[in-house]
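# Residue-level structural notes
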Amino acid sequence: MQPTAPFLLGFSNQSRVILSFNSYELAKMFQPLDLPTVLLLHKLSFFVAALCFLYVRSQSRESVGLGFLAVGFFLVATASTLVSIGKVFTDYEHTLALAGTFAGLVGYSLFWIGMCRISTQKSRRREWLILCFPVIVCVTLFVTGLYEFTTARTTAMQSTAALLLLAAACTVFFDRVIEPLPVRRALAATIGFAALLSALVVLGVLFPDVALVSSRNAFFVSIVCHFAIAVFVLALVKERAEEGLKRLADLDVLTGVLNRRSFSTRLPQQMRQGDAIVMIDIDHFKRINDGFGHFAGDEVLARVAQELSARVRPNDSFARFGGEEFILFMPATGEGEASTLAESVRQLVSSIKHSIDDQKVAATLSMGLAVCTDKTCTPHALMKMADTALYASKATGRDRLTVYNAEDFERNPALSNPARHAG
């Protein structure tokens, strides 16, 4: 009599049969997928990812490169389809296999072009030169007769895939310096891992005895990579759109510099000793609007804003404060350096002649500078002092810089009366 397994004690013979049958079915369920099934899923993953790219492109026309990614993935999927058809029509097996190899190589080339364009949002004509590579490879396979061997075709396809995927990963990763979106690292890592899988397939085909991973497993994992690439590309488009909206919310529509709200968020809660604020106003701007029209006034306003913005230091913050007024924050500068910088900028911008209706018009600037002399002071208090100094510049003839000094304004309160010197 055979001993009964401990976990079957207490069960009837019928229950044991049912348990044995269920265990057998469970084992069948978790059997490894065969290579043809994995290749079918691999092909479908390209189709699904391509459909995702096409959908996003239909919703976001501004994103350059999504169409190339979609076409590239469709062609790679078509490549394995042509090989499968060749298994049915054996008379054309090698011809269809070569056509499939060409489609796959073109597909990976277009994927690289698409990834470069979606990463940089620019089109370059030289990118199209990469399409010469599939032609050269396939002509070489045909002339040498190697296209009749699966090993040669697979090596050519997967080697090209590894190189182009790696190039795309590097492009996405290094472009983060220009556009530091968080998803770039994840997208670059995923594409790079897909390149590694293609390289492992080549290694397995050429050296089966030393292969680190079977082709079946490499293709299976790459299915996940394809879906991950699609997800991260969609995330890149989404993050870029959100960054664009945020940038628009931070900028003044007319001048293209920071607006007042955005400027306020960049100020520290407490100013430190040496921090400086400059209030800037275009002199007699109303005369320009009345004499030449508001469109001409807008052009002058935008030109002055751009000239001022181009001359501030990288760590400074510059914004349109309202109307024809601008504001500049210079951290840890001190009165001497701040006044020197502000005066040099004022003279340069005030000397520019603006062409309006064949006339040369000067837009001089009045400035008020206030420097935090205590250990700390509030931004509001410093801006109020700079504003007071600005109106003092207007009171004393305009086209000048006035540095706030509390004692001077206490002796002559009329200098700080904005009602008398507006305009």
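Residues numbered from 1 in each chain as written. Predicted model: local features only at pLDDT ≥ 70, side-chain atom pairs only at ≥ 80, totals over all residues. Heavy atoms only, no water.

### Structural notes on the overall build of the protein chain
- Helix and strand counts for the protein chain come out as 15 helices and 9 strands.
- Expressed as a percentage of its 423 residues, the buried residues of the protein chain come to 42%.
- Relative to all contacts within the protein chain whose residues are 6 or more apart in sequence, the contacts with residues 24 or more apart total 70%.
- Carbon and sulfur atoms make up 62% of the accessible area of the protein chain, which amounts to about 23,200 Å² in all. (Helix = DSSP H or I, 4+ residues; strand = E, 2+ residues; numbered from the N terminus. Buried < 20%, exposed > 50% of the residue type's maximum accessible area, 1.4 Å probe, protein only. Contact = heavy atoms within 4.5 Å. Areas by Shrake-Rupley, 256 points an atom, 1.4 Å probe, with all protein chains shown as cover.)

### A word on the pairing of strand 7 (residues 365–371)
- Burial of strand 7 is extensive: 7 of the 7 residues sit out of reach of the surface.
- Here strand 7 shows a buried face lined by Leu365, Met367, Leu369 and Val371 and a second buried face lined by Ser366, Gly368 and Ala370.
- In the sheet, strand 2 (residues 276–282) pairs with strand 7 via 7 bridges, with the strands oriented antiparallel. Paired with Asp281 across the two strands is Ser366, which belongs to strand 7.
- Summarising the sheet, strand 7 and strand 9 (residues 401–403) pair through 3 bridges and their orientation is parallel. Note that in strand 9 the partner of Leu369 across the bridge is Val403. (Pairing = 2+ DSSP bridges.)

### A look at empty space enclosed by the protein
- Inspection of every chain in the model, using the stated rule, returns 1 cavity of 30 Å³ or more.
- Counted as a void, the largest cavity has a volume near 130 Å³.
- What lines the largest cavity is a set of 15 residues, among which His42, Tyr108, Ser198, Ser222 and His226 lie closest to the centre.
- Contributions of two or more residues to the lining of the largest cavity are made by helix 2 (35–59), helix 6 (150–174), helix 7 (183–206) and helix 8 (215–250).
- In terms of residues, the lining of the largest cavity owes the most to one element, helix 8, which gives 5 residues.
- Here the residues of the lining of the largest cavity are counted per class, giving 10 nonpolar, 5 polar and no charged. (1 Å grid on protein atoms, 1.4 Å probe; cavity = no way out; pocket = protein on both sides within 12 Å on 5 of 7 lines; lining within 4 Å. Points joined across faces, edges and corners; volume = space filled by probe spheres on them. Nonpolar A, V, L, I, M, F, W, Y, C, P; charged D, E, K, R; others polar.)

### Thoughts on the layout of surface pockets
- Quantified by volume, the largest pocket comes out at close to 720 Å³.
- Of all the secondary structure elements, the ones that give two or more residues to the lining of the largest pocket are helix 2, helix 3 (66–88), helix 4 (93–120), helix 6, helix 7 and helix 8.
- Broken down by element, the residue count for the lining of the largest pocket peaks at 7 residues, all from helix 2.
- Across the lining of the largest pocket, the residue classes break down as 14 nonpolar, 10 polar and 3 charged.
- The space that makes up the second largest pocket amounts to roughly 160 Å³.
- Contributing to the lining of the second largest pocket are Ser119, Thr120, Gln121, Lys122, Arg124, Asp175, Ile178, Glu179, Arg184 and Arg240.

### Quick word on the confidence of the model for the protein chain
- When the pLDDT values of the protein chain are averaged, the result is 86; 88% of them are 70 or greater.
- Taking the mean pLDDT of every element in the protein chain, the minimum, 46, falls on helix 15 (residues 418–421) and the maximum, 96, on strand 4 (residues 325–330).
- Every residue in residues 1–9 scores below 50 in pLDDT, and together they form 4 contacts with partners more than four places removed in sequence or on other chains.
- The low-confidence segment residues 26–30 (pLDDT under 50) makes 0 contacts with residues lying over four places distant or belonging to another chain. (pLDDT = per-residue confidence, 0-100.)

### What about the environment of Ala77?
- Relative to the helices and strands, Ala77 is located in helix 3.
- Assessed through its relative accessible area of 0%, Ala77 is described here as buried.
- For Ala77, the contacting residues outside a window of four places in its chain are Lys43, Phe46 and Phe47.

### Considering the packing of helix 4 against helix 5 (residues 132–144)
- The contact between helix 4 and helix 5 brings their axes to 9 Å, and the two run at 160°. Our classification of the angle between helix 4 and helix 5 gives roughly antiparallel. Where helix 4 crosses over helix 5, the handedness of that crossing is right-handed. Every residue of helix 5 that contacts helix 4 at Leu98, Thr101, Phe102, Leu105, Val106 and Ser109 is listed here: Pro134, Val135, Val137, Cys138, Leu141 and Phe142.
- Considering only residue class, the contact of helix 4 with helix 5 consists of 10 nonpolar, 2 polar and no charged. (Axes fitted to C-alpha atoms, helices over the stretch in contact; angles between N-to-C directions. Parallel < 35°, antiparallel > 145°, perpendicular 65-115°, else oblique. Left-handed = near helix turned anticlockwise from the far one by under 90°.)

### Comments concerning helix 11 (residues 294–311)
- With 18 residues, helix 11 should reach 26 Å at 1.5 Å per residue; the first-to-last C-alpha distance of 26 Å fits that figure.
- Where helix 11 is concerned, the buried positions are Ala296, Gly297, Val300, Leu301, Ala302, Val304, Ala305, Glu307 and Leu308. (Expected span 1.5 Å × (residues − 1).)

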